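# Analysis of the macromolecular model
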Amino acid sequence: MTSESIANGLATRHNWWEREIEPFAQALIPDTLAYRTTHTFEIAVILRITDHADRAAFMPYAAAVTRRATAAFRTMAAEADPD
């Protein structure tokens, strides 16, 4: 969901938007890190996390994020489906 300020900041409009599955998953758990330059914000370096991260340190992080995201979506689905 996104929101924007309207009426000179006196109100907020909320909008739902749709994404494909892969870009959504990438936004939740990115597999790359990008460094942008200070003034132009151009991407100077992109690193794949899995190429540089210590597996023992990275996997618990990825698992925790996955558990949290899954729990939130399961709660939302349970609330939407009374059965």
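Right above here is the structure, for reference.
Residues numbered from 1 in each chain as written. Predicted model: local features only at pLDDT ≥ 70, side-chain atom pairs only at ≥ 80, totals over all residues. Heavy atoms only, no water.

Moving on, we get to the environment of Y35. In this fold, Y35 is placed in strand 3 (residues 32–36). Between the C-alpha atoms of Y35 and R68, which are 33 residues apart in sequence, the distance is 27 Å. Excluding residues within four positions of it along the chain, Y35 makes contact with E42, I43, A44 and V45. (Helix = DSSP H or I, 4+ residues; strand = E, 2+ residues; numbered from the N terminus. Contact = heavy atoms within 4.5 Å.)

This part covers the pairing of strand 4 (residues 43–48). Alignment of strand 3 against strand 4, held across five bridges, turns out to be antiparallel. Pairing of A34 across the sheet is with I46, part of strand 4. Adjacent in sequence and paired antiparallel, strand 3 and strand 4 are bridged by six residues, among which F41 carries a positive phi angle near 60°. (Pairing = 2+ DSSP bridges.)

Attention now moves to the pattern of salt bridges. Taken as a whole, this structure holds three salt bridges when the rule is applied. Two residues, E4 and R13, come together in a salt bridge whose shortest N-O distance is 3.4 Å. Overall, the relative accessible area of 40% leaves R13 in the partly exposed class. Between R48 and D51 there is a salt bridge, with its nearest N and O atoms 3.6 Å apart. Connected via shared salt-bridge partners are D31, R48 and D51. (Salt bridge = Lys/Arg side-chain N within 4 Å of Asp/Glu carboxyl O. Buried < 20%, exposed > 50% of the residue type's maximum accessible area, 1.4 Å probe, protein only.)

Here the focus is the packing of aromatic side chains. In this description, an aromatic ring pair is defined by two values, namely the gap between the centres and the angle between the planes. For the coordinates displayed, the defined rule picks out two aromatic pairs. Seen from their ring centres, F58 and Y61 are 6.0 Å apart, and the 45° between their planes marks the pair as tilted. On the criterion of helical spacing, the pair formed by F58 and Y61 is a turn pair, its members being three residues apart in helix 3 (residues 55–80). (Phe/Tyr/Trp six-rings, centres within 6.5 Å; stacked < 30°, edge-to-face > 60°.)

With that settled, consider a nonpolar patch on the surface. Judged by side-chain polarity, F24, L28, F73 and M76 come together as a nonpolar surface patch covering roughly 360 Å² of accessible area. Contributing elements (two or more residues each) for the nonpolar patch: helix 1 (21–28) and helix 3. Mapped onto the elements, F73 comes out in helix 3. (Patch = residues over 30% accessible without salt bridge, like charges linked within 9 Å, V, L, I, M, F, W, Y side chains within 5 Å. Areas by Shrake-Rupley, 256 points an atom, 1.4 Å probe, with all protein chains shown as cover.)

What follows deals with helix 3. The end-to-end C-alpha distance of helix 3, which contains 26 residues, comes to 37 Å, matching closely the 38 Å that a straight helix rising 1.5 Å per residue would cover. Where helix 3 is concerned, the buried positions are F58, A62 and A69. For helix 3, the secondary structure elements touched by its buried residues are helix 1 and helix 2 (49–52). (Expected span 1.5 Å × (residues − 1).)

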